[in-house]
Amino acid sequence: MNAPPTFESFILFEGEKKITIEKDTKVPNAAIFTVNKEDHTLGNMLRQQLLKDPQVLFAGYKVPHPLEHKFVLRVQTSNDYSPQEAFTNAITDLISEVSLLEERFKVCVKEKQEGFE
Amino acid sequence: MIKRPKPGENEDDLLKLQEEFLKNKVNPSVTVFKAGDKRKAEGSRQIDSVPEKHGKVKRDVVQMSAGLSGMVPPRVSQAQKKKSRFKEERSKMPDRRSERIIIDLDGDQDPHEAMDAQDSDLRSVLTQIMERDVRNVPVYLPSSTTQGFPTVLHRGHSSSTATLGKKKSLFAQQVESCKPSSFGVSVAFPPVTVMTLPQQSAAVDESRNRNESSSSSSTSRSNIVSGEGLQSKPGKNESSAIHKENVKKIESMSEEILEEQKKLLSTLDPNIVKFLQSKKGLPQSGAAVPMETNQENIREHIELSTEDKDKTIPSNKLLEEENDVEASKPIEVKEEWVNMAEVETEKLAWLKDLPKPKAKSKEGCLARFDFNGRLLARDADVPVREGLHHHGDEQEVAGYTIEELFMLSRSTVQSQRVIGLQTLARIVYSYRIDDIGGELQKPLIPMLLESGFIFLVRWALDDSSEVVIGAAVEALASFLINPGDEETLDNIYFWSHGCEVPCLVPTEAEEENDEDDEEDQVGNKPEDASGKPDKPDAEVVNKDVVMGLLKMNVLPRLRYILEVVRPPAAVVLNVLTVLIRMARHSPQTANEIYKCPRLIDTVVTLFMPTTSWVKQGDLVTDVYNYPVIPAVKLLRVLCLTGRNLAASLLSKYSLVSVIIRYISVEPTDMQMNIGEAYNLSIETFRLWHVLISYGLSCDAFRELYPLFMQQLQLFQRLSVLPLSVTEEPATVSAHHLQLLRASAIFCVLEATVNAAGTTAHLQSQLNRSHTRPTDEPVLDQVAPPPINWSHVTGLLGPVELCFQKWMAEMSRAELNLEREAMTLAGCCINFLTSFYGKLTMQTSHNAVECLEHLEVLITGSLIPLMTSSAFYSFMLNLRNHSSCNFKQCKSKSSHQLPDFGCHMDNDQVLHPCIQRQSTVGIMGSLFKLTTTILRIHKGMTGKFCAIVESNHVIGYLEKVTKKRLTTSSRPASWFSRFEHHVLFLLLKLYYLVAQQSDSCHQHSNLYHSIALVLFTSLHAGDEHLAHELLSTMLFHTDFIIEGKVGDPIAADLADFLTTSNTTRQQSVSKNVGLESQPEVSRGELLQDAYGSLATIRSTYMVFFARLEQDVLASRARANHIPHEIQNFVLPAHTGQLAPTDWMFMPLLHLYSETQTAEMLGKSVQSFPTHITNTVINSLRWIFIMETWRGESLKVVPLAAKMTRLFCLFLTGNDLFFEDQVRSYLTQLMRMYTSPSWEQQLDFNIPIPGVASFPDLYISMLTQFAAVSFGDHLFGHAILLPLQQRFSSQLRRAVWSEHAGVLRSLSIPVSKFLIPLEGFLHPIETNQELLSMYLSGLSTGIVKQTWCPVLYLIATHHLANYVFNDYKGNDNKEVVTNFKKKIIHRVMNMKDQTLQNHILLYKCVNKMSPLGFDIYAELPLPRSQLLQTLQR
């Protein structure tokens, strides 16, 4: 009856930004990224990637409410490194990792198909 | 196919059909042919083959022992079909009868021939009739058995094997093994008829032999001729034939046999004879031997069985005893009695005395009661004439069980019913007053409730008989009313606030209610119990007895009983007390009583007459048209429950005229028994007091003013000193009544003063609202009472004279005062308190005059008293009667029917505050007066400094802080309210004094602790006290002087001294950012907290603001503001108002608020400053409390405190980053984790207020992983529950599911506050957890740089597990295997440092950068172990 429309979980509304960055006032070198219309899938992946970075001191995310399609990612880095940098690095690394995965997957599929023929 | 006949066909057709049929020669569908008689054949074969054996029975042929053969009817001819004995008989009887008829018909025939012609069967029987020689045959009579039926045979244990290979049926085997007695046939030893003649003896032998042979030879097989060599059946037949022949031969030469036998025996070798006999099985001649043994067995068996039964059923014992004492006949039969020549002892048995009942075992037996409701000992020697013996299960035991009484109460015989109900009533009554004379295993009241006592009584109330109704009312009254309660409440009525009583609503039931029907949570008041008509009566009674009774329409019935049945006095009194108890239940019930048609009318018109009445003797027998005290009391209790009810009762029944009628006459002039007259007068004063307290019916005061003045003159002659012991008891009780009446009058006067005191105020309000234009709505304007201050000013003079006299007397008193005297003095003091309290509000108030007057009062009366030794003995008494001493005895009542558990005679079980000697009441009054006066005349406070500092007061207070006040939700503990008042007034006195003088500040700690104790033990109804404590005392610097005298600095100094020893590291950690703010020292924090006491106070005031309504109501009652008082009934007593951990409440509240907000989808970003301030203030207060009032917080378990602090981390995302929150939290955590505290911490036990600690911990973990930024403070909170002594569930959660937190727990070992011991010892032996540690380390989730503490912990446990001797319960082999596995994994690690750390781990060292020391190289034992393990 009052179920939210299904597209709410992935379509950005007008005026909504995909990512907002906010500097944490209480902790130095820390930032809060709010990513809209995403959920644990990306949140967890990003966090794991960020934690691989030795210069990241802290990375944690939280989905404030299960019906609100966004997650809040908190990143803190060491002095000579900014959270934004860490964030972009993590994203690029993730993208390359995923595309590598895709590439390999395709190759495997191809080999398999050729093997059949 | 042959047609079948059709309807309409006649006989010819049928014949034709038959012809046709015969012609066709069709085979009939059914052919009849005679089958050979199977049974006969079988039977004969059996008979042939069954071996002869005495006492043994073969298949189907149930044969008794040989001696019994005479009883078996002679066997009919072989040809006759074998039938069972009974069948035979049955079939014979009708045959004969029919035969006889036939014979009659053809009379000319010879009967014998006729018989032959008619019945071949019969003929065969009759022809063979042969007279037997029965001279020697013993006769066996069936013995009387102990049982009505033969015992059932149980098959199954047939151990005997078929002797001769012939398979026997189970039944046959069974019968074989049984003795004849089993069939209800007892075999008396055969009377041996001694035959002297040899001829005869030979005949005996012969006959015996014949008997044997006849019974056995034909049935037995030869033992000698076995026919074994022969082939199958013919062979067997052959052998049997030979055997038969032999037998026949032996039979024919019976006489020769004996001689031959003798000859043979003499010639033969005895051994051979023996052998042959043994071959035969049993010696032939020993026929009687088994019989003998049998009989012995039987006798034994019978005896045994009777013994067995003795143990179970005593009645059997009786039988036996009867037999034993057969000789002693129950009565001596005299000769002149007719028809008593032959004494039949059996029939006279009932005349005998019952045997003595045996005392049963210690475990207890059914309780039996006498008619007075007292327990009867089982073996009590009660004469049967008492009527306590009856036809119950145990006739010999005197008394009735509850069950039997229930049965009697349901009887249709009126007298039985009355006895039943009355006895039950008395049982309950004596149980309630502890006079039952024994112990019951289960509480009686709930048991009766469960078994439907209420329904029984309610049903009995509907009886038409007056006697039954009387008994039922008695039962109901005794069940509902705890006898001591009303008396106690009456006693404390005259104390200040003594008329305020909590309603007796079952509280637990209410909670259940809420749980049960959560859907219809419209109103959670108990009234909805009555509003649900669909609930069955039983359910309502189960929750609330009074409600159940209301639902069962008990009120109209009671009204009917009073109005129409007009029972005797006792019943009327019972009805009235029942009504009083119901009115005490709750305002709702009181209203029901009021609304019940004609009920109150009946009570007022019949039992409160204003006309004259007939004087009756000492025992009032007819209470109709006679003043009845409980009736007045009922009205008073009804009035207490509500202002509106009181007003409507007043106007409807013209109570004022009743009151005037009863009080204007001196008790001595009433047409009544003097004691009753006094009581009536007192009760009427009480009723009036209630009415005036509401500000109602004040005009009567003006009429009676002369009377009061006259009485006051008289009171000056009264003395509060106890009468001399030589006085007559009657005089003493008269004196007591006089004192009580005087107290009642003082109470009424006090209420009048209170009413008059508000008049001016109300009048001015009224005028204002009149003069003002109607633009603003007129508020609920109360008309001022018709008396004003000028009416009461005249009272002060005489009262003060009384006061001075009594104060002087009290300060002189050496003995303890009597309760009545103390009550009187208390009432007098209360009057003055009220008077001075209201005086300052009057326009006529003259300040100077008043102050001078007060000075005289204080110096003249108060100070002398309060410095006298009597006052100290009062104080001592208070200490002894403090509610700390209250030991709650076992509850007698059930939760459906709460009571105060008071006891009339036994002072010891009472709540200490209301015991006879208790001075709580008068002390309350005294301190109230003192504080009231001091508020008016502040200049005199210095004089009371001595009292505040007095040793007795301090001693009392110390006791209270040490033992704390006992509080429970039981109604009995409500009485400690009076002590609360005393404590509060003492605090107030201190508060007033401390403002003036500094010397008493040394006790501020004590007084503050008292305030804290008091705050957590106040009950509902004293909300204004809680409010005042909060607003003035708890946060007042006079109570917390530590801040003034330099404690904060001292704390700093102490910290510095302790930490300087251990080389305090102020160095900045790697995470510079997080630790950038230097840690705030304790002293600074204390200073800060102390400075902000005012804001702390406002925080808590706001938090407790939700109680505002209650505060106003209770303040109206406390300050006697008549027009604001709505009722005098306090809410049901449910325990304390504020929880013991009230300082944490704002934190918890905030936490739950944010949780609900987040659940609703509102994200909590950051908190407004006022919320942060609330948190900070709470923390400040907790910090102050922990530092300076640690004792007061001891009652809260440390784990509970911890979890409440944990809630702060879970509230919002960054509340714990607030500077001040952080610094207080840090200090608190530091304090709680210090070694002395830390040992008390226990997360394993259930924590009050936390449903499940693991769940809370897991939410902490997720919160930490999401928002913490690896905060060290938060990290400490996460690590704290991971100690070895707490549940491993928590550790597992961290290492497996929530391993994400491990990356951020970056507290360096050197900065770790919690003692490491708890984490490292004992060594972990849980293999699952160890492998988690290992995989955590090897996968790099836990690294030395990121998570040093856990890295240390994991390494420590792994190294110690592998290299140290393991002392656990697990199998050694399993352990070794597991060690091997670990070593294998460690040796294969790529990370060389990690490998080294595990292998070379030495011990913890907080100072080293790693957090632990390592060996330079692998020690020898380890390398050896490694090698053995790796092999």
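Criteria and cut-off values
Residues numbered from 1 in each chain as written. Chains lettered and ligands numbered in written order. Predicted model: local features only at pLDDT ≥ 70, side-chain atom pairs only at ≥ 80, totals over all residues. Heavy atoms only, no water. Helix = DSSP H or I, 4+ residues; strand = E, 2+ residues; numbered from the N terminus. Buried < 20%, exposed > 50% of the residue type's maximum accessible area, 1.4 Å probe, protein only. Contact = heavy atoms within 4.5 Å. Areas by Shrake-Rupley, 256 points an atom, 1.4 Å probe, with all protein chains shown as cover. Axes fitted to C-alpha atoms, helices over the stretch in contact; angles between N-to-C directions. Parallel < 35°, antiparallel > 145°, perpendicular 65-115°, else oblique. Left-handed = near helix turned anticlockwise from the far one by under 90°. Nonpolar A, V, L, I, M, F, W, Y, C, P; charged D, E, K, R; others polar. Core = buried A, V, L, I, M, F, W, Y, C linked by side-chain atoms within 4.5 Å. Salt bridge = Lys/Arg side-chain N within 4 Å of Asp/Glu carboxyl O. Buried area = accessible area lost by both parts, 1.4 Å probe. Polar contact = N/O pair within 3.5 Å; in protein donor to acceptor, adjacent residues only side chain to side chain. Bend = angle between axes of the 7 residues up to and from the residue. Pairing = 2+ DSSP bridges.

A. Fine view of the overall build of chain B. Within chain B, the regular secondary structure consists of 62 helices and 4 strands. In chain B, buried positions account for 48% of the 1431 residues. Considering only contacts in chain B between residues 6 or more positions apart, those separated by 24 or more positions represent 77%. Per element, the accessible surface of chain B, about 72,100 Å² overall, is 54% carbon and sulfur.

B. Summary view of the packing of helix α24 (residues 554-565) of chain B against helix α27 (residues 599-607) of chain B. Residues and elements named next belong to chain B. In the contact formed by α24 and α27, the axes pass within 9 Å of each other and the chain directions differ by 25 degrees. Classified by the angle their axes make, α24 and α27 are roughly parallel. Crossing of α24 over α27 shows left-handed handedness. Each of Leu555, Arg559, Leu562 and Glu563 in α24 lies in contact with α27, whose residues at this interface are Leu599, Thr602, Val603, Leu606 and Phe607. Of the residues that constitute the contact of α24 with α27, the class distribution is 6 nonpolar, 1 polar and 2 charged.

C. Here's a closer look at the nonpolar core. If you look at the biggest cluster of nonpolar residues, it comprises 373 residues, and the most contacted ones within it are B:Trp688, B:Phe746, B:Trp1142, B:Trp1181 and B:Leu1350. Ranked by the residues each element gives to this core, the list is headed by helix α33 (residues 729-771) of chain B, at 14 residues. Residues in contact with B:Phe746, not counting those within four places in the same chain, are B:Leu712, B:Phe715, B:Val799, B:Cys802, B:Trp806, B:Leu824, B:Cys827, B:Cys828 and B:Phe831. Counting 17 residues, the second-largest nonpolar core is a separate cluster that includes A:Val35, A:Val56, A:Val75 and A:Phe87.

D. View of the pattern of salt bridges. Residues and elements named next belong to chain B. Using the criterion set out here, one finds 35 salt bridges over all chains in the structure. Of the charged contacts in the structure, one is a salt bridge between Arg426 and Glu474, with a shortest N-O distance of 3.9 Å. Linking Arg426 in helix α15 (residues 414-432) with Glu474 in helix α18 (residues 466-480), this pair joins segments that are 48 residues apart in sequence. Owing to a relative accessible area of 21%, Glu474 belongs among the partly exposed residues under this scheme. Notably, a salt bridge pairs Arg1204 with Asp1141, separated by 2.6 Å at the nearest N-O pair.

E. Representation of the packing of α15(B) against helix α17 (residues 453-461) of chain B. All names here are of chain B. Across the interface, α15 lies against α17 with an axial gap of 12 Å and an inter-helix angle of 135 degrees. For the element pair α15 / α17, the angle class is oblique. Pair α15 / α17 crosses with left-handed handedness. Contact residues: α15 offers Arg417, Leu421 and Leu424, while α17 offers Phe453, Leu456, Trp459 and Ala460. Each residue belonging to the contact of α15 with α17 can be placed in one class, and the counts come to 6 nonpolar, no polar and 1 charged.

F. View of the interface of chain B and chain A. The interface is formed by 23 residues belonging to chain B together with 23 residues belonging to chain A. Taking both partners together, chain B and chain A bury about 1,900 Å²; carbon and sulfur atoms supply 54% of that area. On the chain B side of the contact with chain A, B:Ala1266, B:Phe1269 and B:Arg1303 bury the most area, a combined 37% of that side's loss. Counting every contact that joins chain B to chain A gives 1 salt bridge. We note a salt bridge from A:Lys26 to B:Glu1218, for which the minimum N-O separation is 3.6 Å. Along the contact surface separating chain B from chain A lie 4 residue pairs in polar contact (both at pLDDT 80 or more). For the side of chain B that touches chain A, the elements supplying multiple residues, two or more each, are α48 (1145-1159) and α54 (1253-1267) of chain B. In terms of residue count, α54(B) provides more of the side of chain B that touches chain A than any other element does, 5 residues in total. In terms of residue class, the side of chain B that touches chain A is made up of 10 nonpolar, 9 polar and 4 charged.

G. Fine view of helix α36 (residues 847-867) of chain B. Residue and element names in this part refer to chain B. For α36, the principal kink sits at Ile858 and spans about 40 degrees. Taken residue by residue, α36 has Cys850, Leu854, Leu857, Ile858, Ser861, Leu862, Ile863, Leu865 and Met866 as its buried positions. The elements touched by buried residues of α36 are α34 (789-812), α35 (819-839), α37 (869-880), α38 (920-936) and α39 (945-949). You can read the cap of α36 off the contacts: a side-chain oxygen lies 3.4 Å from the backbone nitrogen of Val848, and it is on Asn846.

H. Structural context of the pairing of strand β2 (residues 30-36) of chain A. Residues and elements named next belong to chain A. Most of β2 is tucked away, with 7 of its 7 residues classed as buried. What you see with β2 is no split at all: Ala30, Ile32, Thr34 and Asn36 on one side and Ala31, Phe33 and Val35 on the other are buried throughout. Sheet analysis places strand β1 (residues 19-23) next to β2, joined by 5 bridges and oriented antiparallel. Paired with Ile19 across the bridge in β2 is Val35. Where β2 meets strand β4 (residues 70-77), 7 bridges bridge the pair, whose relative direction is antiparallel. Looking across to β4, one finds that Thr34 is bridged to Val72.

I. How the structure looks around the sheet that holds β1(A). Residue and element names in this part refer to chain A. Read from one edge to the other, the open sheet built from 4 strands follows the order β1-β2-β4-β3, with strand pairing classed as antiparallel. Of all the strands in the sheet, just β1 and β3 (56-62) have a single pairing partner and so form its edges. Put simply, the sheet's adjacent strands are angled 15 degrees from each other on average, direction ignored. Strands in contact with helix α1 (residues 40-52) are β3 and β4; relative to β3, the strand with the most contacts, it is inclined by about 170 degrees. In the packing of helix α2 (residues 83-116) onto the sheet, the strands contacted are β1, β2, β3 and β4, and the crossing angle to β2 comes to about 45 degrees.

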